[in-house]
Amino acid sequence: MNFDLTPEQDQLRDAVRALGRKYGHGYFVEKAKAGAHTTELWQEAGRLGYLGVNIPTEYGGGGGGITELAIVCEELAAAGCPLLLLVVSPAIAATVINKHGTDEQRKRHLPGLADGSQKIVFAITEPEAGSNFHRLGTVARRDGDDWLLTGRKCYISGVDEAGHVLVVARTEDSSTGKLKPALFIVPTDAPGLERSKLDMEILSPENQFLLYLDDVRLPADALVGESLDAGLPALFSGLNPERITVAAMGAGTGRYAIERASAYTATRTVWGGRSIGSHQGVAHPLAHAAVQVELARLMIHKAATLYDAGRDLEAGVAGNMAKYAAGEAAALAVDTAVQALGGAGMTTEYGVATLLGAVRAGRIAPVSREMILNFVAQHVLGQDKSY
């Protein structure tokens, strides 16, 4: 059992940390409040090769795995720049296309995903289906050689920044008549695809959207994979990377909040000149939060290692646990940091309350803490399915 990063992974962590600190949380907040995007940071990360660390070298990537991408997600978040589209584009879309796309789809999309010149976002969630993909209402039907997509999606991140959206729909299996999932690469400017921005109480430069698909016509090669049989494996192949990288982003955010609060409490003096951090009432909650973040980081490392080793079932369990642990730890760390800073904690200047909405959302999305507990109860503890 080895908890050490390789020399190459250590170098990646240091380099990404330096890039994140070059921009910093102030840059992140400024972009979010202006309704703008972190374009400069994204483009520089792409030029430096950080967006494509998990993409094969033949397509311009780094040839690494989800372990390396988790490092990128965590270190940018630890610098105050948690980029949600790292989860959506390199982790989900690139993984799905690399593992299950056709040769032509890999050649067309992976180089742009690797250098950051292309973004592909992900659309699975629907208003009526919630976490149950078996109830998806978005349907794809054949029309000659083309496909027609009709349905609705919600909470779809970054559609305004992306050239394509990876849409999960359901198709009819001609042999059984049953509906089965399929994934389609849809241009965001396709006729019949409309979007509506959701107003969210989250300070983020990445926006959320409702999508409406009204007989969106797609060519045959928009279907991910060589046939409809690729649909279910392709869908599941993106879920573990999603959970692991979301967890890494949460752990990084927790680290950032604890670092900010610790620097403040070590130097803020009241009551006879002692630092407020010398009081256990202040120090212990921060120490507790630090322990929870570190425990989450260990589970993230385990989940990423299992995933990169091809041990998908074990990675599924560990990835869900990592996502749960990191979501709880990040929310605790930010809330504890705000409390330690007192009134200053609620100001924009001190840069912790600006993350309250994001870490609260991290306990809900992309899979809620309750659904993870259901998963663990059923698949780890052997309990009957409760839903």
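Just so you know, these numbers come straight off a predicted model, no measurement behind them.

Caption draft 1: Structural detail: the overall build of the protein chain. Secondary structure summary: the protein chain contains 11 helices and nine strands in total. Against the 2.2 N^0.38 benchmark of 21 Å for 387 residues, the protein chain shows a C-alpha radius of gyration of 21 Å, consistent with a compact globule. In terms of principal-axis extent, the alpha carbons of the protein chain reach across some 80 × 50 × 40 Å. Across the 387 residues of the protein chain, 52% fall into the buried class. Counted over contacts in the protein chain with a minimum sequence separation of 6, partners at least 24 positions apart contribute 70%. When the accessible surface of the protein chain is split by element, carbon and sulfur atoms take 52% of a total near 17,400 Å². Where the 36 positive side-chain charges of the protein chain centre and where its 44 negative ones centre are 5 Å apart.

Caption draft 2: Geometry of the nonpolar core. Within the largest apolar cluster, 111 residues are counted, with the highest numbers of intra-cluster contacts made by L149, L183, F184 and V186. Counting residues per element, this core draws most heavily on helix α9 (residues 312-341), which supplies 13 residues. With sequence-adjacent residues up to four places away left out, F184 is seen in contact with A140, W147, L149, V165, L166, V167, A169, T171, L218, A222, L223 and V224.

Caption draft 3: Molecular detail of the pattern of salt bridges. One pass over the structure, following the stated rule, counts 24 salt bridges. In this structure, the salt-bridge partner of R297 is E74, at a minimum N-O distance of 2.7 Å. With R297 in helix α8 (residues 280-308) and E74 in helix α3 (residues 66-78), this residue pair connects regions lying 223 residues apart in the sequence. Using a relative accessible area of 6% as the deciding quantity, one classes E74 as buried. We note a salt bridge from E328 to R369, for which the minimum N-O separation is 2.9 Å. With E328 in helix α9 and R369 in helix α11 (residues 369-379), this residue pair connects regions lying 41 residues apart in the sequence. Overall, R369 belongs to the partly exposed group, its relative accessible area being 21%. Connected through salt bridges with shared partners, the residues R13, D14, R17, E74, E75, R255, E294 and R297 form a single ionic network.

Caption draft 4: Just the packing of α3 against helix α4 (residues 85-100), in detail. Relative to each other, α3 and α4 sit at 170 degrees, their axes nearing to 11 Å. It follows that α3 is roughly antiparallel to α4 by the angle criterion. Along the contact surface, α3 presents I66, L69, V72, C73 and L76, while α4 presents L86, P90, A91 and T95. Residues belonging to the contact of α3 with α4 are distributed by class as follows: eight nonpolar, one polar and no charged.

Caption draft 5: Helix α5 (residues 103-115), seen in detail. If you check α5, its first and last C-alpha atoms are 19 Å apart, about what 13 residues at 1.5 Å a residue would give, namely 18 Å. Of all bends in α5, the biggest is about 30 degrees, found at H109, and the proline P111 comes one to four residues later. Those residues of α5 lying buried are Q105, R106, H109, L110, G112, L113 and A114. Residues of α5 that are buried sit in contact with α2 (39-47), α4, β1 (120-123), β4 (164-172) and β5 (179-187).

Caption draft 6: Main features of the pairing of β4. Within β4, seven of the nine residues are buried, which leaves it mostly tucked inside the rest of the structure. The pairing of β1 with β4 spans four bridges and is parallel. Within β4, the position partnered with V121 by the bridge is V165. Relative to β5, β4 is paired through nine bridges, and the arrangement is antiparallel.

Caption draft 7: Spatial organisation of helix α7 (residues 239-267). Over its 29 residues, α7 runs 43 Å from end to end, which matches the ideal 42 Å to within 8%, given 1.5 Å per residue. The element α7 is extensively covered by neighbouring structure, given that 22 of its 29 residues are classed as buried.

Caption draft 8: Up close: the packing of α7 against α9. Relative to each other, α7 and α9 sit at 25 degrees, their axes nearing to 7 Å. By the criterion of interaxial angle, the relationship of α7 to α9 is roughly parallel. Every pair of crossing elements has a handedness; the one defined by α7 and α9 is left-handed. When the residues that make up the contact of α7 with α9 are grouped by side-chain class, the tally is 17 nonpolar, eight polar and three charged.

Caption draft 9: Quick look at the packing of aromatic side chains. On inspection of all chains with the given rule, the structure shows three aromatic pairs. Taken together, a centroid distance of 5.6 Å and an interplanar angle of 90 degrees make the contact between Y264 and Y350 edge-to-face. With Y264 in helix α7 and Y350 in the loop between α9 and α10 (356-361), this pair connects stretches of sequence that are 86 residues apart. The exposure class of Y264 is buried, given its relative accessible area of 16%. A residue is classified by how much of its surface remains accessible, and Y350, at 28% relative accessible area, is partly exposed. The lysine or arginine in question, K119, covers the ring of W42, its NZ or CZ lying 4.7 Å from the ring centre. Lying over the aromatic face of F209, R195 brings its terminal NZ or CZ to 5.6 Å of the ring centre.

Caption draft 10: How the structure looks around a nonpolar patch on the surface. Taken together, the side chains of M1, F3, V291, L295 and L298 make up a nonpolar region of the molecular surface, amounting to roughly 590 Å² of accessible area. When you line up the elements, V291 lands in helix α8.

Each value, and the rule that gives it
Residues numbered from 1 in each chain as written. Predicted model: local features only at pLDDT ≥ 70, side-chain atom pairs only at ≥ 80, totals over all residues. Heavy atoms only, no water. Helix = DSSP H or I, 4+ residues; strand = E, 2+ residues; numbered from the N terminus. Rg over C-alpha atoms; globule rule 2.2 N^0.38 Å. Buried < 20%, exposed > 50% of the residue type's maximum accessible area, 1.4 Å probe, protein only. Contact = heavy atoms within 4.5 Å. Areas by Shrake-Rupley, 256 points an atom, 1.4 Å probe, with all protein chains shown as cover. Lys, Arg positive; Asp, Glu negative; His and termini not counted. Charge placed at Lys NZ, Arg CZ, Asp CG, Glu CD. Core = buried A, V, L, I, M, F, W, Y, C linked by side-chain atoms within 4.5 Å. Salt bridge = Lys/Arg side-chain N within 4 Å of Asp/Glu carboxyl O. Axes fitted to C-alpha atoms, helices over the stretch in contact; angles between N-to-C directions. Parallel < 35°, antiparallel > 145°, perpendicular 65-115°, else oblique. Nonpolar A, V, L, I, M, F, W, Y, C, P; charged D, E, K, R; others polar. Expected span 1.5 Å × (residues − 1). Bend = angle between axes of the 7 residues up to and from the residue. Pairing = 2+ DSSP bridges. Left-handed = near helix turned anticlockwise from the far one by under 90°. Phe/Tyr/Trp six-rings, centres within 6.5 Å; stacked < 30°, edge-to-face > 60°. Lys NZ or Arg CZ within 6 Å of the ring centre and 35° of its normal. Patch = residues over 30% accessible without salt bridge, like charges linked within 9 Å, V, L, I, M, F, W, Y side chains within 5 Å.

In short, shape yes, function no, at least from these values alone.
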